[in-house]
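So the chains spell out like this:
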Amino acid sequence: MTATSGKLLKGATGDWEVVIGMEVHAQVTSKSKLFSGASTAFGGEPNSHVSLVDAAMPGMLPVINEECVKQAVRTGLGLNAKINLRSVFDRKNYFYPDLPQGYQISQHKSPVVGEGEVTVELDGGKTATIGIERLHLEQDAGKLVHDQSPTMSFVDLNRSGVALMEIVSKPDVRDAEQAKAYVTKLRSILRYLGTCDGDMEKGNLRADVNVSVRKVGGPLGTRCEIKNMNSINFIGQAIEYEARRQIEIIEDGGAIEQETRLFDPNKGETRSMRSKEEAHDYRYFPDPDLLPLEFSQSFVDELKAGLPELPDQKRARFVADLGLSPYDASVLVAERESADFYETVLGKLGSAKRDGKVAANWVINELFGRLNKEGKDIATSPVSAAQLAAIVDLIGEGTISGKIAKDLFEIVWQDGGDPKRLVEERGMKQVTDVSAIEKVVDDIVAANPDKVEQAKAKPAAIQWFVGQVMKSTGGKADPKAVNALLKSKLGV
Amino acid sequence: MTDFTSLTIAEARDGLANKSFTSLELTDAHLKAIEDARALNAFVLETPDKARDMAREADGKIGKGEGGPLAGIPLGIKDLFATKGVRTTACSKILDDFVPTYESTVTSQLWRDGAVMLGKLNNDEFAMGSSNETSCFGPVANPWRREGSNTNLVPGGSSGGSASAVAALLCMGATATDTGGSIRQPAAFTATVGIKPTYGRCSRWGIVAFASSLDQAGPIGRTVRDSAILLRSMAGYDPKDTTSVDTPVPDYEAAIGKSVKGMKIGIPKEYRLDGMPTEIEKLWSEGAAWLKAAGAELVEVSLPYTKYALPAYYIVAPAEASSNLARYDGVRYGLRVPGRSIGEMYEGTRAAGFGAEVRRRVMIGTYVLSAGYYDAYYLRAQKVRTLIKKDFEDCFAKGVNAILTPATPSAAFGVGEKGGADPIEMYLNDIFTVTVNMAGLPGIAVPAGKDAQGLPLALQLIGKPFDEDTLFSLGEVIEQAAGRFTPARWW
């Protein structure tokens, strides 16, 4: 597989290519931890979700949580990856107060998931394929609390032992846009699968970004790792900054030192955290407390059969079955909630076949546009899928015009209510009675002989008459009928 | 009253069932014996109140005919087993006065079956040692002394407190653990019977870990039958230990007295060490002769990788230990030496908390797992381990039922006599026992004779995986032939 070329950066000595590889840590959605029965719930009192195993009491032993394994396999399947029927848990040894065992149980040499790939959407309808190197299961650490005492730090072990999936990409990412698109897509897939909630604010999805630069076609440069990024925008900013920093150093005759760096979002800079010399020797070795993780192909097949439709499949279906544009389909499937909302609308429509496309327009332009403007999300939308479907039905049936529908949407957004009843109660129905419209048309034509002449000379001027008719009918006249009548009356 | 302490578990069980005496009487007699034997330093914590409460409860149940297989039997517990509400230290300063809120699976099964806890027994710190001299509570004295000598001898290790207490009639049996010989070597040094069952036979949950892939709990008793009775209660599958094996626990006692006629006994030629004391050699031949007399067939077998077992063991065990002991960092429990930084706190705590032998093994383990050394040491040792395992598999595939070897290269030695300058001198004690741990097999040490100075010597029988029954059958043949050995009381 070859990487899709990205944006080149101009330097004093020519164009530079950025090479990026990413390690995404995704917290597994599960009720209990990877090796203990303690709860994974967020926001409990400090140290309220800690078992004897999580606190590494003497003589405690880990027992694998099967649900976490299933989630990892589901994720692997969602990434079109090879599932390893045998994998091994290793100990990664280092000392830190948030790591009670003095080692993290992880998978070093034999991960549960092997190579796969993800297709990401780029601007202008382009796509790029990013290779997945591996996915493995590992334990999260606890959290240090520094602000409770002037002389001491405290440890909260609620997160200690929570299952993480580390998803390692191949160094296929070529610029900040691709990186952001990759994390966005990965997050979307995880959320569709229900294997990670993707909540980056809570740290449930975070990325380490490896960045190096090279002259186009040249040998790979030395990479720096930017740790613990928990915002897709920051990932973009950090890559831009880091690539520029590296180019400047090299062009000034310096050399890049392999190191771990942190991104400071306030300054928009990365800064050194520790150099290669300070790097840990983790002394990995197979955890003797755990047997190798083994399962059968039928276990994998069963999980595969139970997978939900993923964004790529859903988009293809929307395009093929409903005639959506690839762009609209992409917007709808990007977030599972949006897609679910749209599909609920479809389900409630009188004819999804006829009005699916109109419904997509309404969901994307009216609803998402409005939600965005007011800083709301789909979960807190004042207009429900049923209400939106009713509005689209009214348009599709010809009961109201698109213009009236916008007024109706506004009423529903502000005050709620059943759109069908609102249309009845407020007399918003489109006037389709030709004789009624004809009378209005006749009156306007009779009152404006000069305009009639203009229209006869220049048929486009007919629009002025349309406007007048709509004005005097309060927008309720059927635009098709108005047009037809005018054309025949004016003889254009 | 002292009569009570010389009973075997099997005898006491009958006496309790017949209401000839109560568990409280039995327990009090042992508590008194423990008090009188403090010079041995076998117990690091006596729990007389708890013992009497448990004895009363057992008596109640026996009275109602609800007593379990160990109802009312007073036992000692190696301090490596977590005991709920009772201080558990692994005989290391680093655990300080740690009191678990949980009970190890093995001990909870003993209490389930009605046993009574007398207290916690001394052991080498974190079970690292072959003489019980590395304990932070000081060395344990062997109840055996050389004829005409007042020199204190070691009881072996790491389960030195267990062996000494059982031999000195302070408890009717004891729990022990064996990572490289820690049940069998002290049993051999004290004329008691110790069995290390197959890896996975007993749950490791709640036992302070030394080397996870080698650690296995087992009993030390005064007879083969008593060991069989104890193991039946200790063994069993535990979902909390994924390395424990889900296979039914047989009635081991039923194997006692079963004919060994036609069994093939392997005599491994590689176990004939250069410079092996003639009395060990003699003991070995004698043991073979007894088994032959009982109808077994002797065959010479070869275990060619045996010679690599000890060096490989001293890579694998410290490697696992260095990681297992990382949790003792002063953060959550046990000893903490404050420092100005977290690094200082770690260093101060671990320097003050770990003894010299533990520090040595943590350093060896850290070294062999380090980048650049892992392949040369750890990985290679694991390969050797696979070959050692294969040695035994080949041997059993040829129809061999069990393998007979000496248990130790010598009898008990004096306190401070070995390992002072050269730790390898001490490590060589485990030369006959470590291979069994490396292969995950069951091994039993059975008293078989005495050396010229009147000190007990033992033979080891190595069995097929989960074939402890055969070891009990064969062990009893040796016990019948050799007789039982009791130390003269000097304490």
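Residues numbered from 1 in each chain as written. Chains lettered and ligands numbered in written order. Predicted model: local features only at pLDDT ≥ 70, side-chain atom pairs only at ≥ 80, totals over all residues.

**Re the overall build of chain A**
And step 1. A tally of helices and strands in chain A yields 15 helices and 16 strands.
And step 2. For chain A, the spread of C-alpha atoms along the three principal axes comes to 95 × 55 × 55 Å.
And step 3. The proportion of buried residues among the 492 residues of chain A is 41%.
And step 4. Residue pairs at least 24 apart in sequence account for 69% of intrachain contacts in chain A once pairs closer than 6 positions are excluded. (Helix = DSSP H or I, 4+ residues; strand = E, 2+ residues; numbered from the N terminus. Buried ≥ 20, exposed ≤ 12 C-beta atoms within 10 Å, placed from the backbone. Contact = placed C-beta atoms within 7 Å.)

**Details of the interface of chain A and chain B**
And step 1. Facing the 24 residues of chain A at the interface are 32 residues of chain B.
And step 2. Classifying every residue of the side of chain A that touches chain B by side-chain character gives 16 nonpolar, 4 polar and 4 charged. (Nonpolar A, V, L, I, M, F, W, Y, C, P; charged D, E, K, R; others polar.)

**Brief notes about the packing of helix α12 (residues 434-447) of chain A against helix α15 (residues 479-490) of chain A**
Residue and element names in this part refer to chain A.
And step 1. Relative to each other, α12 and α15 sit at 50°, their axes nearing to 10 Å. Comparing the axis directions of α12 and α15 gives the class oblique. The hand of the α12/α15 crossing is right-handed. Residue-level contacts link V434, I437, E438, V441 and V445 of α12 to A481, V482, L485, L486 and K489 of α15.
And step 2. Taken together, the residues that form the contact of α12 with α15 break down as 8 nonpolar, no polar and 2 charged. (Axes fitted to C-alpha atoms, helices over the stretch in contact; angles between N-to-C directions. Parallel < 35°, antiparallel > 145°, perpendicular 65-115°, else oblique. Left-handed = near helix turned anticlockwise from the far one by under 90°.)

**Thoughts on the sheet that holds strand β11 (residues 456-463) of chain B**
Strand pairing in a sheet takes place through backbone hydrogen bonds and is either antiparallel or parallel in direction.
Residues and elements named next belong to chain B.
And step 1. Spatially, 11 strands are ordered β1-β3-β2-β4-β6-β5-β10-β11-β9-β7-β8 in an open sheet, and the strand pairing comes out mixed. Single-partner strands in this sheet number two, and they are β1 (43-46) and β8 (297-301). Recorded for the sheet is a direction-independent mean angle of 30° between the axes of neighbouring strands.
And step 2. Both strand β5 (residues 193-196) and strand β6 (residues 216-221) contribute to a ladder of 2 bridges, which runs antiparallel. Its bridge partner lying in β6, V193 is registered against G221.
And step 3. Strands in contact with helix α5 (residues 160-167) are β1, β2 (74-78), β3 (116-121), β4 (173-178) and β6; relative to β4, the strand with the most contacts, it is inclined by about 155°. (Pairing = 2+ DSSP bridges.)

**Focus: the sheet that holds strand β5 (residues 103-106) of chain A**
Residue and element names in this part refer to chain A.
And step 1. Strand order in the open sheet formed by 3 strands is β5-β4-β15, and the pairing between neighbours is antiparallel. The open sheet has two free edges, formed respectively by β5 and β15 (285-286), since each of these has just one partner strand.
And step 2. Of the pairings in the sheet, the one linking strand β4 (residues 90-93) to β15 comprises 2 bridges and is antiparallel in character. Bridge assignment links R91 to a residue of β15, and that residue is F285.

**Thoughts on the pairing of β8(B)**
In summary, the side chains of a regular strand alternate between the two faces of the sheet.
Residues and elements named next belong to chain B.
And step 1. Direction of pairing for strand β7 (residues 264-268) relative to β8: parallel, over a ladder of 5 bridges. Among the inter-strand pairings, G266 is bridged to a residue of β8, identified as V299.
And step 2. Considered for its hand, the β-α-β crossover made up of β7, helix α8 (residues 278-293) and β8 is right-handed. (Right-handed = clockwise from strand over helix to strand, strands pointing away.)

**Things to note about the domain arrangement of chain A**
And step 1. Structurally, chain A comprises domain 1 (9-303), domain 2 (309-425) and domain 3 (434-490).
And step 2. Each of domain 1 of chain A and domain 3 of chain A has a C-alpha centre, and these two points are 65 Å apart. (Domains from an automatic or database assignment.)

**Some details on unusual backbone geometry**
Residues and elements named next belong to chain B.
And step 1. Backbone torsion omega between G157 and S158 reads 5°, so that peptide bond is classified as cis.
And step 2. On the secondary structure map, S158 appears in the loop between β3 and α5.
And step 3. One non-glycine residue, C91, lies in the positive phi region at around 55°.
And step 4. As for its position among the elements, C91 is in the loop between β2 and α4 (105-112).
And step 5. On the basis of neighbour count, C91 is assigned to the buried category, with 32 C-beta atoms found within 10 Å.
And step 6. Of note in this structure, A127 is not a glycine but carries a positive phi near 65°.
And step 7. Mapped onto the secondary structure, A127 falls in the loop between β3 and α5.
And step 8. Classification of A127 as buried rests on a count of 31 C-beta atoms within 10 Å.

**Considering the nonpolar core**
And step 1. Counting 233 residues, the largest nonpolar core has A179(A), Y182(A), V209(A), I239(A), L75(B), V116(B) and L459(B) as its most contacted members.
And step 2. Excluding anything up to four places from it in sequence, A179(A) contacts I20(A), M22(A), V173(A), V209(A), I235(A), G236(A) and I239(A).
And step 3. Ranked by size, the runner-up nonpolar core spans 33 residues in total, among them V331(A), F341(A), W362(A) and L388(A). (Core = buried A, V, L, I, M, F, W, Y, C linked by C-beta atoms within 7 Å.)

**Remarks on helix α12 (residues 375-397) of chain B**
Residue and element names in this part refer to chain B.
And step 1. With 23 residues, α12 extends 31 Å between its outermost C-alpha atoms, agreeing within 8% with the 33 Å of an ideal straight helix rising 1.5 Å per residue.
And step 2. Among the residues making up α12, those that are buried are Y377, Y378, A381, R385, I388, D391, F392, C395 and F396.
And step 3. Immediately downstream of α12, the backbone of G399 shows phi near 95°, a positive value. (Expected span 1.5 Å × (residues − 1).)

**Regarding the packing of helix α2 (residues 23-36) of chain B against helix α3 (residues 48-63) of chain B**
Residues and elements named next belong to chain B.
And step 1. Two elements in contact, α2 and α3, have axes whose closest approach is 8 Å; the angle formed by their N-to-C orientations is 155°. By the angle class used here, α2 and α3 are roughly antiparallel. Seen from above, α2 lies across α3 with right-handed handedness. When α2 is examined against α3, the residues S23, L24, T27 and L31 are found in contact with a partner set consisting of P48, A51, R52, A55, R56, A58, D59 and I62.

**So, the environment of D178(B)**
All names here are of chain B.
And step 1. Structurally, D178 is set in strand β4.
And step 2. When the 32 C-beta atoms within 10 Å are taken as the criterion, D178 is described as buried.
And step 3. It is 9.3 Å that separates the C-alpha atoms of D178 and V434, two residues lying 256 residues apart in sequence.
And step 4. The contacts of D178, once residues within four sequence positions are left out, are I183, R184, K196, Q216, G218 and N437.

**Remarks on helix α7 (residues 224-234) of chain B**
Because each turn of an α-helix spans 3.6 residues, side chains separated by three or four positions end up pointing in the same direction.
Residue and element names in this part refer to chain B.
And step 1. The buried count for α7 comes to 11 of 11 residues, which makes it a mostly enclosed element.
And step 2. By the burial criterion, the buried members of α7 are V224, R225, D226, S227, A228, I229, L230, L231, R232, S233 and M234.
And step 3. Count one or two residues on from α7 and you reach G236, which has phi positive near 140°.

**A word on the environment of Q178(A)**
Residue and element names in this part refer to chain A.
And step 1. By secondary structure assignment, the location of Q178 is in helix α2 (residues 176-193).
And step 2. Taking the C-alpha atoms as reference points, Q178 and G6, 172 residues apart in sequence, are found 7.4 Å from one another.
And step 3. If near-sequence neighbours (up to four positions away) are discounted, Q178 is found in contact with T4, G6, V120, L122, A128 and V173.

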